[in-house]
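What follows is each chain in one-letter form.
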Amino acid sequence: MQISAELKPVATANDPKTGGQILVDCLAAQGVTTAFGVPGESYLAVLDALHDSDIRFVLCRQEGGAAFAAEAWGKLTGQPGICFVTRGPGATNASIGVHTAMQNSSPMILLVGQVGREMRDREAFQEIDYRAMFGTVAKWVTEVDSADRMAEIVARAFVVAQSDRPGPVVISLPEDMLVETALSHPAPQLRIARPGAYSGTPSEAAVMLDNATAPLILIGGGGWQGGRGLNALSEWAETASIPIAAAFRCQDLIDNHSPAYIGDAGVGMPPHVRKLIEDADVILALNIRFGEMVTDGYTLFQAPMPRQDLIHVHPSAAEIGKIYQAKLPVHSDPEEFLQIMTVQPTYGGPSRKLRMEEAKADYEASFDLPEQPGTLDMGAVMAHLHETLPPDAVLTNGAGNFAIWPGRLFKYGPENRLLGPQSGAMGAGIPAALAAKIADPGRMVVCFAGDGDVQMTMQELGTAMQAEAPFIVLVLNNGSYGTIRMHQEREYPGRVSGTELQNPDFVKIGEAYGMHAERVEHTGDFADAFLRAMMSQTGALLELMIDPEAITPRRTLSQIRGG
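In this text, all values refer to a predicted model and were calculated from it rather than measured experimentally.

K.L.:
Let's hear about the overall build of the protein chain: which residues, and what values?
P.N.:
Scanning the protein chain for helices and strands turns up 20 helices and 20 strands. For the protein chain, whose C-alpha radius of gyration is 25 Å, the value lies close to the compact-globule estimate of 24 Å for 563 residues. The principal-axis extent of the C-alpha atoms belonging to the protein chain is close to 75 × 60 × 55 Å. Within the protein chain, buried positions represent 56% of all 563 residues. Considering only contacts within the protein chain whose residues lie at least 6 apart along the sequence, 76% involve residues at least 24 apart. Per element, the accessible surface of the protein chain, about 23,000 Å² overall, is 52% carbon and sulfur. Charge-centre separation for the protein chain: the mean point of 42 positive side chains lies 4 Å from the mean point of 66 negative side chains.

Below, the structure written as structure tokens:
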């Protein structure tokens, strides 16, 4: 019998393996199928071990893009996104994705090559103290000092990344540790402990909401599993006549077509949402961390005791009472809490129903936009996308005024997903689209990007080409860093400095990456162009020429300049 030269003996737990091999075994044992990264000599032993594994290594072009992709993977799947980078410059480039994972509450593990152990604390080539560097933007930062502790540390990293408030973990991997040998005992996939709903608190919350005259539900955060509790919330709120507002870039948690959904409490909060928060007597805050956006710059709630009676439900005890003291603090998994609370009979009277209906009408009215300046009207573009995109489409974006369109002017159905950076990080959209397409190749993925935003991570289109993960990119080109220009015109009218862009030919760039690409200058041309984009098997880039005056959906640049 002829034996293939490719076959290798099957290793057992008692076989000595290198630290790199043990790491890959541990990742496989935790169910990891995909990792993103940029190669580096500091973790060659890991790359060698990946060669013999079933884990797909998605070769990215820059560490920031790899980290963004891993963050998006964590947010979309609920499983930690895995990112490999090398020491020094690799780690600093990747820090933007770690910060985004922290503010998005997305599970993620960044694995960083490190100098050899005998060189530590000498400022060796590319040496950085990662505990100091990532200490304030990660849930846990550690270093594997010995290969025989690899399984212990990796298992703990998965628990930390997924438990309580999910977030990023950073693991430093000394280069010499990765080539030393030890016995391999990878821990199997672990069950993550989640706090249970305290006895009586769901009923107490239901009673508080039932007795309220102006209740409101705020929902957000990461770690949602999409279980029965979340699915039942809309129907329960509709019956109870309680409006629901989503936190910044969490609009996809709730079916936006529900009569109870009334908009988002995000950047540039709609006036009707702000008023609902100000006038509420009881607020159920589900998985909310009370950041700057949902509080409108910490102005809507009085610290430490809000005027509104607050029911704060969060899986992390550290988030409860961090800024605002709740009348009913609930350390609980929010979905388990909802499973119990939503079976409580709660009914809103006529005044509450009218209040919810008026708020819903205000939300619907926000889609009635004036005609936009220029020859291409993004309001009409979004209306076409509403009619055209499949119900499970994934929308992604980076940061900039253009993100208002997918963030506030698209109605997310129960199967749609939104992947956007709560950290306000430019460049997140393309890597997020890459991750979404790799995670679920059958779904349509559309990335919204500004002309400044897209140039932060445009090189990851090469990653998508190599990974055969085609998606559609809409580049909204207005020739400026639009958000900063808007603030600049408000604060220093007419004194334009450092915000105008001279751009490359985005169509040629899309074509260079093997995509279908075309420029759209008129509203009437968009429908046919988008159809061609959807039909492309290699992805598509549509450059949408936006008039600089169309700086926001409701106010022109000239109006802002004029105060």
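Anyway, onward from the coordinates.
K.L.:
I'd like a description of the side chain of asparagine 104, backed by residues and values.
P.N.:
Residue position: asparagine 104 is located in helix H4 (residues 89-104). A polar side-chain atom of asparagine 104 sits 3.1 Å from the main-chain carbonyl oxygen of glycine 420. Those residues in contact with asparagine 104, other than ones at most four positions away along the chain, are Glu71, Lys75, Gly222, Gly420, Pro421, Gln422 and Ser423.

K.L.:
I'd like a rundown of the side chain of glutamate 543, residues and numbers included.
P.N.:
Structurally, glutamate 543 can be placed in strand E20 (residues 540-545). Judged by its relative accessible area of 2%, glutamate 543 is buried. For glutamate 543, the side chain forms a polar contact with the side chain of asparagine 477, separated by 2.8 Å. In this structure glutamate 543 touches Val475, Asn477, Phe506, Val507, Glu518, Arg519 and Val520, once residues within four positions along its chain are discounted.

K.L.:
Let's hear about the pairing of strand E7 (residues 168-174): which residues, and what values?
P.N.:
The buried fraction of E7 amounts to 7 of the 7 residues, a majority that puts the element mostly inside the structure. In E7, alternate side chains face the same way, and those of Pro168, Val170, Ser172 and Pro174 on one face and Val169, Ile171 and Leu173 on the other are all buried. In the sheet, strand E6 (residues 140-143) pairs with E7 via 4 bridges, with the strands oriented parallel. Across the sheet, the residue bridging to threonine 142 is isoleucine 171, located in E7. Chirality of the crossover, the property in question, places the unit of E6, helix H6 (residues 150-162) and E7 among those that are right-handed.

K.L.:
I'd like a description of the sheet that holds strand E2 (residues 34-37), backed by residues and values.
P.N.:
Pairing is parallel across the open sheet formed by 6 strands, whose spatial order is E3-E2-E4-E5-E7-E6. Of all the strands in the sheet, the pair left with one neighbour each is strand E3 (56-59) and E6. Here the strands of the sheet are splayed against their neighbours by 20° on average, with no regard to which way each runs.

K.L.:
Talk me through the pairing of strand E11 (residues 261-265); I want residue IDs and the actual numbers.
P.N.:
Most of E11 is tucked away, with 5 of its 5 residues classed as buried. One ladder, built from 3 bridges, connects strand E10 (residues 244-247) with E11; its direction is parallel. Bridge pairing in E11 places alanine 246 opposite aspartate 264.

K.L.:
Run through the nonpolar core, naming residues and quoting values.
P.N.:
For soluble globular proteins, nonpolar side chains are generally found buried alongside one another. In this structure, Leu218, Ile219, Ile277, Leu286, Ile311 and Phe337 are the most contacted members of the largest nonpolar core, which totals 56 residues. Contacts of isoleucine 219, omitting those with residues within four sequence positions, involve Trp224, Leu230, Leu233, Ile244, Ala245, Ala246, Ala247, Cys250, Leu253, Ile254, Leu286 and Ile288.

K.L.:
Run through helix H14 (residues 429-439), naming residues and quoting values.
P.N.:
Counted residue by residue, H14 has 10 buried out of 11 residues, so it is predominantly covered. What H14 keeps buried is the set Gly429, Ile430, Pro431, Ala432, Ala433, Leu434, Ala435, Ala436, Lys437 and Ile438.

K.L.:
How would you sum up the pattern of salt bridges? Please name residues and give values.
P.N.:
Applying the stated rule across the entire model yields 23 salt bridges. Here arginine 120 makes a salt bridge to glutamate 143, at a shortest N to O gap of 2.4 Å. With arginine 120 in the loop between strand E5 (108-114) and helix H5 (130-134) and glutamate 143 in strand E6, the pair connects residues that are 23 residues apart, well separated along the chain. When its relative accessible area of 29% is taken as the criterion, arginine 120 is described as partly exposed. With a shortest N-O distance of 2.5 Å, lysine 411 and glutamate 364 are connected by a salt bridge. Remark: glutamate 364 occurs in helix H11 (residues 350-365) and lysine 411 occurs in the loop between helix H13 (404-408) and strand E16 (417-419); sequence separation between them is 47 residues. By relative accessible area, which is 31% here, glutamate 364 ends up partly exposed. Bridged by salt links that share partners, the residues Glu41, Arg87 and Glu175 form one connected network.

K.L.:
Could you give me a rundown of the packing of aromatic side chains, with the residues and numbers involved?
P.N.:
Tallied over the entire structure, the rule returns 11 aromatic pairs. Ring plane angle 20° and centroid distance 5.6 Å describe the contact between tyrosine 43 and phenylalanine 84, whose orientation is recorded as stacked. Remark: phenylalanine 84 occurs in strand E4 (residues 81-85) and tyrosine 43 occurs in the loop between E2 and helix H2 (44-51); sequence separation between them is 41 residues. Judged by relative accessible area, which is 1%, tyrosine 43 ranks as buried. Aromatic pair phenylalanine 410 and tyrosine 412: ring centres 5.0 Å apart, planes at 70°, arrangement edge-to-face. Take phenylalanine 410 and tyrosine 412: they sit in the same class, and that class is buried.

K.L.:
Tell me about the state of the cysteines, and please be specific about residues and values.
P.N.:
The final tally for this structure, using the stated rule, is 0 disulfides. Cysteine 60 forms no disulfide, and the closest cysteine sulfur to it belongs to cysteine 83, at a distance of 7.1 Å. No disulfide involves cysteine 250; its sulfur sits 19 Å from that of cysteine 447, the nearest cysteine.

K.L.:
How would you sum up the packing of helix H1 (residues 19-29) against H2? Please name residues and give values.
P.N.:
It is the contact of H1 with H2, at a shortest axis distance of 8 Å, that shows an interaxial angle of 55°. The angle between H1 and H2 falls in the class oblique. In the packing of H1 onto H2, the handedness of the crossing is right-handed. Contacts between H1 and H2 involve Gly20, Gln21, Leu23 and Val24 on the former and, on the latter, Ala45, Val46, Ala49 and Leu50. Tallied by class, the residues present in the contact of H1 with H2 amount to 6 nonpolar, 2 polar and no charged.

K.L.:
Now, about the sheet that holds strand E13 (residues 309-314): what can you tell me, with residues and values included?
P.N.:
Backbone-to-backbone hydrogen bonds pair the strands of a sheet. The strands run either parallel or antiparallel. Ordered by their spatial adjacency, 6 strands build an open sheet running E11-E10-E9-E12-E13-E14, and the pairing between neighbours is parallel. Both outer strands of the open sheet, E11 and strand E14 (328-331), are each paired with one neighbouring strand and no more. Neighbour-to-neighbour, the strand axes of this sheet turn through a mean angle of 15°, independent of strand direction. In terms of strand pairing, strand E9 (residues 215-219) meets E10 through 3 bridges, oriented parallel. Bridging from a neighbouring strand, isoleucine 219 pairs with alanine 246 of E10. Contacts from helix H9 (residues 271-279) reach E9, E10, E11 and strand E12 (282-286) within the one sheet, and its direction differs from that of E11 by about 90°. Where H11 meets the sheet, its contacts fall on E9 and E11, and the angle it forms with E11 comes to roughly 60°.

Parameters at a glance
- Residues numbered from 1 in each chain as written.
- Predicted model: local features only at pLDDT ≥ 70, side-chain atom pairs only at ≥ 80, totals over all residues.
- Heavy atoms only, no water.
- Helix = DSSP H or I, 4+ residues; strand = E, 2+ residues; numbered from the N terminus.
- Rg over C-alpha atoms; globule rule 2.2 N^0.38 Å.
- Buried < 20%, exposed > 50% of the residue type's maximum accessible area, 1.4 Å probe, protein only.
- Contact = heavy atoms within 4.5 Å.
- Areas by Shrake-Rupley, 256 points an atom, 1.4 Å probe, with all protein chains shown as cover.
- Lys, Arg positive; Asp, Glu negative; His and termini not counted.
- Charge placed at Lys NZ, Arg CZ, Asp CG, Glu CD.
- Polar contact = N/O pair within 3.5 Å; in protein donor to acceptor, adjacent residues only side chain to side chain.
- Pairing = 2+ DSSP bridges.
- Right-handed = clockwise from strand over helix to strand, strands pointing away.
- Axes fitted to C-alpha atoms, helices over the stretch in contact; angles between N-to-C directions.
- Core = buried A, V, L, I, M, F, W, Y, C linked by side-chain atoms within 4.5 Å.
- Salt bridge = Lys/Arg side-chain N within 4 Å of Asp/Glu carboxyl O.
- Phe/Tyr/Trp six-rings, centres within 6.5 Å; stacked < 30°, edge-to-face > 60°.
- Disulfide = S-S within 2.5 Å.
- Parallel < 35°, antiparallel > 145°, perpendicular 65-115°, else oblique.
- Left-handed = near helix turned anticlockwise from the far one by under 90°.
- Nonpolar A, V, L, I, M, F, W, Y, C, P; charged D, E, K, R; others polar.

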